[in-house]
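Breakdown of the fold
Now for the letters of each chain:
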Amino acid sequence: MEDLDKTCWRGMEIAHPARWELAVASAAERPGECVFADRHYQRLAVKWKRVKYKPDISLLVQKFRHKLDKAEDIDLVTLEDLPEPWQGVLQTTHDGQLTQAMRAFEESRTVVEATLVWPGRRKPALEHQVLEGMAPRWEDGPVTRWRALGFDVALDKRFQLTRSTPHAGRIHWEFDADEKAYSPLIVERLSLAGGWMTVPLHTWMAESLPVGGKVLHQRQVLINGHRAPVSHLQAGRLDGPVADAGGPGVAVPG
Amino acid sequence: MRVDLAWQCPVENRLYRISYSKRSRVHDIRLPETLTVHCCQVSQAVVSREQADAGRRKSGRPKEKFRSTEPFLRAVPYANQDMDLNRKTDGTGTAVVPMARPRYLVPPISWILPFGRSRRVSLDQAGMSVLDLCDGRRSVEKVIEIFAADNKLTFREAQLPVTLFLRQLTQRGVIAIVGKENE
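Residues numbered from 1 in each chain as written. Chains lettered and ligands numbered in written order. Predicted model: local features only at pLDDT ≥ 70, side-chain atom pairs only at ≥ 80, totals over all residues.

Comments concerning the packing of helix H5 (residues 140-150) of chain B against helix H6 (residues 155-171) of chain B
Residues and elements named next belong to chain B. Threshold: Axes here mean lines fitted to C-alpha atoms, for a helix over just the part in contact, with angles spanning 0 to 180 degrees between N-to-C directions. Helix and strand assignments follow DSSP, with helices taken as H or I runs no shorter than four residues and strands as E runs no shorter than two, numbered in order from the N terminus. Every angle not falling under 35 degrees, over 145, or within 65 to 115 is termed oblique; those three ranges are roughly parallel, roughly antiparallel and roughly perpendicular. Put simply, a crossing is left-handed when the front helix is turned counterclockwise from the back one by less than a right angle, and right-handed when it is turned clockwise. Residues are treated as contacting if the C-beta atoms built from their backbones sit within 7 Å of each other.
At their nearest, the axes of H5 and H6 sit 9 Å apart, and the two run at 120° to each other. Overall, the two elements H5 and H6 adopt an arrangement that is oblique. In this structure, H5 crosses over H6, and the sense of that crossing is right-handed. Of the residues in H6, those touching H5 at Val140, Val143, Ile144, Glu145, Phe147 and Ala148 are Phe155, Glu157, Ala158, Gln159, Val162 and Leu166.

Here we look at the pairing of strand E3 (residues 21-25) of chain A
Residue and element names in this part refer to chain A. In plain terms, the rule: Only strands that DSSP links by at least two bridges are regarded as paired with each other.
Both E3 and strand E4 (residues 32-37) contribute to a ladder of 4 bridges, which runs antiparallel. The residue of E4 that forms the bridge with Val24 is Val35. What sits between E3 and E4 in their antiparallel hairpin is a turn of 6 residues.

Observations concerning the packing of helix H4 (residues 125-133) of chain B against H5 of chain B
Between two packed helices, the angle of one axis relative to the other and the distance separating the axes together describe the packing. All names here are of chain B. For the record, the criterion: Think of it as three bins: nonpolar holds Ala, Val, Leu, Ile, Met, Phe, Trp, Tyr, Cys and Pro, charged holds Asp, Glu, Lys and Arg, and polar takes everything else, Gly as well.
Running from N to C, H4 and H5 cross one another at 140°; their axes reach a closest spacing of 10 Å. Between H4 and H5, the interaxial angle falls into the category oblique. Seen along the crossing, H4 lies across H5 with a hand that is right-handed. Each of Ser129, Val130 and Leu133 in H4 lies in contact with H5, whose residues at this interface are Val143, Ile146, Phe147 and Asp150. Residues that form the contact of H4 with H5 fall into these classes: 5 nonpolar, 1 polar and 1 charged.

A short note on the interface of chain B and chain A
Contacts between the two partners involve 67 residues from chain B, matched on the other side by 62 residues from chain A. At the level of elements, strand E1 (2-9), strand E2 (14-21), strand E3 (36-37), helix H2 (70-74), strand E7 (118-123), H4 and H6 of chain B are the ones that each hand at least two residues to the side of chain B that touches chain A. Along the lines of polarity and charge, the residues of the side of chain B that touches chain A split into 28 nonpolar, 20 polar and 19 charged. Across 4 bridges, the pairing between strand E17 (residues 226-234) of chain A and E1 of chain B is antiparallel. Each residue of the ladder has a partner; that of His232 of chain A, found in E1 of chain B, is Val3 of chain B.

Notes on the domain arrangement of chain A
The following threshold applies: Where each domain starts and ends comes from a domain assignment, either automatic or drawn from a database.
With domains assigned, chain A is organised as domain 1 (4-136) and domain 2 (199-242). Centre-to-centre separation of domain 1 of chain A and domain 2 of chain A, based on C-alpha positions: 43 Å.

This is the structure:
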């Protein structure tokens with residue numbers, strides 16, 4: 001049994017080996033999708049969609065199989081050893097093997113399609129673990145968990161992720177609870193802090209104020225055991241810059 | 001109104017920042033009570049420097065022919081032998097790369113267009129650490145792996161900035177990347 005890492009994206013929880021890292025994550029208005037890759041290959045692609053009807057997975061797999069049967073050089077086998085109620089097929093090409101599996105989660109009316117890429121030979125034990133570790137978490141309590149790209153955030157369901165920008169060394173997630181009144185909650189994580197952070201934290205925060213911003217009061221709190229300065233400010237522009245005081249990056253001027 | 005909050009996590013060597021804005025006249029706006037941001041958890045995908053130096057991890061060498069990033073990762077970066085590297089005490093430095101005179105730069109064109117005999121490239125600490133790893137023995141994969149281990153990053157987190165940086169260095173003539181033929 002391999003120790004698996006977990007990614008939670010837009011209500012879907014996906015278990016995967018830690019060396020398969022998230023390479024693609026779907027935007028807010030698109031159907032759910034996550035693609036994981038190791039150093040050399042894409043390894044796992046998961047797509048999910050909430051549906052109004054009760055889906056017939058056997059029919060979907062049959063249609064999929066029928067489509068692939070037309071291609072000549074693909075060796076296709078229906079998989080009997082997938083964990084219940086997953087159904088799927090195994091494609092063998094001269095490059096390796098591909099498992100394509102589907103299942104429906106009836107309580108949340110969600111159809112999930114998973115594609116696992118096996119360069120070389122398929123590993124059924126790992127495949128079982130990955131497929132069994134996949135589950136929608138929409139109905140689990142009032143809080144949604146977002147866990148991806150090393151970030152782990154829990155937030156009540158009113159807040160929807162409206163923007164995710166993974167820059168080199170900086171991950172920026174923007175949530176919004178109300179579409180009519182712009183009230184963004186921005187959570188950022190900046191890497192290599194020890195290298196570029198040369199001033200005290202409160203000074204750095206003061207330098208990154210939005211245009212026309214005015215600090216009303218400041219205090220200190222403890223977050224996960226770390227001291228965190230909190231500034232309440234009258235923002236000049238609500239959509240003003242959030243981070244202009246520098247950040248990670250390997251700059252090569254000249 | 002806006003509330004800003006930031007903290008530095010030494011375990012992860014990362015800085016977290018939360019910013020919540022609201023159109024409100026009340027001065028004391030609060031972050032949502034349900035909000036929790038976990039830190040101090042280094043991903044399993046982060047390797048130590050010893051592991052990075054020791055060699056490949058469990059993912060193994062790919063044997064098959066799916067579309068792969070392997071050819072680039074196996075390429076080896078070489079530092080320019082003719083450049084001068086001036087190191088400063090704070091870990092930063094400047095690389096002075098000699099420039100070849102373009103053939104078209106003859107009088108009278110050279111009277112108008114100035115020509116610098118060398119190009120200066122300033123490097124910060126992270127840049128110098130990556131350049132030091134480009135010794136003609138380590139592959140791009142190894143450079144990324146060591147950079148990731150030193151900075152507590154996962155391989156993929158380090159891959160993008162290091163690859164972009166190597167490209168910039170190549171464009172400026174500081175290094176050359178030599179691909180290896182398939183075995």
